[in-house]
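# Inside the fold
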Amino acid sequence: MDKIRVVGGAELNGTIPISGAKNAALPLMIASLLTEETLTLDNVPRLADVALLKRILSNHGVDQSVDGKRLGQNGLAGETLHLTAGNIVDTTAPYELVSKMRASFWVIGPLLARMREAKVSLPGGCAIGTRPVDFFIQALRDLGADIDIDAGYVVARAPKGLIGNRVVFPKVTVGATHVTLMAAALARGETVIENAAREPEIVDLAACLVKMGARISGAGTSTIHVDGVERLSGARHAVVADRIEAGTYAMAVAMTGGDVLLEGATEDILGTPIRVLTDVGAEITPTNAGIRIRRNGAGISAVDVTTEPFPGFPTDLQAQLMALVSKARGTSHIRETIFENRFMHVQELARLGADIHLDGQVATITGVDKLKGAQVMATDLRASVSLVIAGLAAEGETFINRVYHLDRGFERIEDKLGACGATIERIAG
Ligand code: UD1
């Protein structure tokens, strides 16, 4: 299994191109199931999760072709994917595929809406809590589907098609909001989604669905209205920039010091992390080309942060923030409210010398003067990148094992950080 070797101590200086968002690319690709015409997606990141979803979609009969395979002027530009679900040959998403990535469960929405039936394995994905699917099931039942759980599969049927309704989520949920949006787009009549997720990736999916002919208003607010249409058409759409990737590199720069332009990142998608980074002591300047982040001289300040749905501080940046404040002056508190078991990075950061005390959902981090390189283990996608940025600010060598987690969500991390002066390499194993 590959590892990453990082030698800490260097500042980061230069430009990092921000890729298209994994968490937008996945639902956008799934939206191709809603129409027999071609959906073309630009700026798709080259990631293991995207490759896995391509396999899942081809299992349903989606024809795919890829442009932009060769490196152009900008060697880090994303792919252009053409997806055509002219003929859906299978409405079953099997365990072998769905268990590897939770988001693949989301095919249930478009399959049910278009084909009136879907049989989808209960999901797997990052081991960061129980992550049930009750909100999806309730929402699809609200839209008129009959749903049974049978031998590890969710079996959904709507022989006469889905019917618009009021869907009220008990808790903000990104995945079930995506699925309800896609399902409601082809349902008969109006759907109102209340307590909807407001993440930029929801706004991006809604924008693409509107290009395909869907009638949606209110995406980006807590109440989304969808007026169902009989059919959707093909469209072309570019995936929004990855705010989690941008936030991760911003934290790396705040940790090591330096001056980096996060090319393509915008203030509106980053939101609260910009305020937190400013509180920590970084200087953030939005420019036309992206967001510039600098930290010179002065140390890192401690902060108290709670993870929340957008526009609050994202759970997907919690581990990275913990790495950052492990070297702060003073004591920080980080409360995790989205996933109950998302602290697996704590013991790995401790191996690098971080002083972190966990009490339920709250981590108390007492800043230390220095971290020291060590062997660590990547445990999930975001946790693994927190170890990379901690390694960049640690003395000596850090080896991060099990990097397949990183490849699920961070495109060419060694190249991007290496170009800014980091000593980082992949060791094939
Ligand atoms: C998405 C993101 C993930 C991010 C998360 C929260 C993608 C591919 N993944 O995950 O990176 O960390 O949003 O911002 O976009 N829940 C239930 N029942 C359900 C569904 C969810 O109880 O049926 C709970 C979850 O366990 C969790 C909370 O709701 O506690 C929010 O989860 P959700 O927003 O649905 O996360 P994902 O869509 O899986």
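Please read all numbers here as calculations on a predicted model, not as lab measurements. (Residues numbered from 1 in each chain as written. Predicted model: local features only at pLDDT ≥ 70, side-chain atom pairs only at ≥ 80, totals over all residues. Heavy atoms only, no water.)

This structure, assessed with the given rule, holds 23 salt bridges. Of the charged contacts, one joins D2 and R426 as a salt bridge, the two residues approaching to 3.4 Å between their closest N and O atoms. Of this pair, D2 sits in the segment before β1 (3-7) while R426 sits in strand β26 (residues 423-427), and the two are 424 residues apart along the sequence. A relative accessible area of 29% places R426 in the partly exposed class. Here R243 ties to E201 by a salt bridge, and the two come within 2.8 Å at their closest N and O atoms. In this pair, R243 sits in helix α8 (residues 243-256) while E201 sits in helix α7 (residues 200-211), placing the two residues 42 residues apart along the sequence. Under the relative-accessibility criterion, E201 is labelled buried at 4%. Overlapping salt bridges, with partners in common, bring together D2, D407, E414 and R426 in one network. (Salt bridge = Lys/Arg side-chain N within 4 Å of Asp/Glu carboxyl O. Helix = DSSP H or I, 4+ residues; strand = E, 2+ residues; numbered from the N terminus. Buried < 20%, exposed > 50% of the residue type's maximum accessible area, 1.4 Å probe, protein only.)

Moving on, we get to the sheet that holds strand β21 (residues 362-366). An order of β18-β19-β21-β20 is seen for the 4 strands of this open sheet, with the pairing classed as mixed. Strands with a single pairing partner mark the edges of an open sheet, and in this sheet they are β18 (304-306) and β20 (355-359). The mean inter-strand angle of the sheet, taken between neighbouring strand axes irrespective of direction, is 15 degrees. As paired strands, strand β19 (residues 331-335) and β21 are joined by 5 bridges and run antiparallel to one another. The residue bridging T331 from the neighbouring strand is T366, located in β21. Packed onto the sheet, helix α11 (residues 318-325) meets β18, β19, β20 and β21 and runs at close to 170 degrees relative to β19. (Pairing = 2+ DSSP bridges. Axes fitted to C-alpha atoms, helices over the stretch in contact; angles between N-to-C directions. Contact = heavy atoms within 4.5 Å.)

Domain boundaries in the protein chain define domain 1 (3-18 + 241-427) and domain 2 (22-238). Computed from C-alpha coordinates alone, the two centres of domain 1 and domain 2 are separated by 30 Å. Each side of the interface is counted separately: domain 1 has 24 residues, and domain 2 has 22 residues. Roughly 2100 Å² is buried in total at the junction of domain 1 and domain 2, and carbon and sulfur atoms are behind 52% of that figure. Its largest share of buried area at the contact with domain 2, domain 1 owes to R408, E411 and R412, together 30% of the area lost on that side. Scanning the region where domain 1 abuts domain 2 turns up 3 salt bridges. In this structure, R46 and E411 form a salt bridge, with 3.8 Å as the shortest nitrogen-oxygen distance. Linking domain 1 with domain 2 are 6 residue pairs in polar contact (both at pLDDT 80 or more). Top contributing element to the side of domain 1 that touches domain 2 by residue count: helix α14 (residues 404-409), with 3 residues. Split into classes, the residues belonging to the side of domain 1 that touches domain 2 amount to 10 nonpolar, 2 polar and 12 charged. (Domains from an automatic or database assignment. Buried area = accessible area lost by both parts, 1.4 Å probe. Polar contact = N/O pair within 3.5 Å; in protein donor to acceptor, adjacent residues only side chain to side chain. Nonpolar A, V, L, I, M, F, W, Y, C, P; charged D, E, K, R; others polar.)

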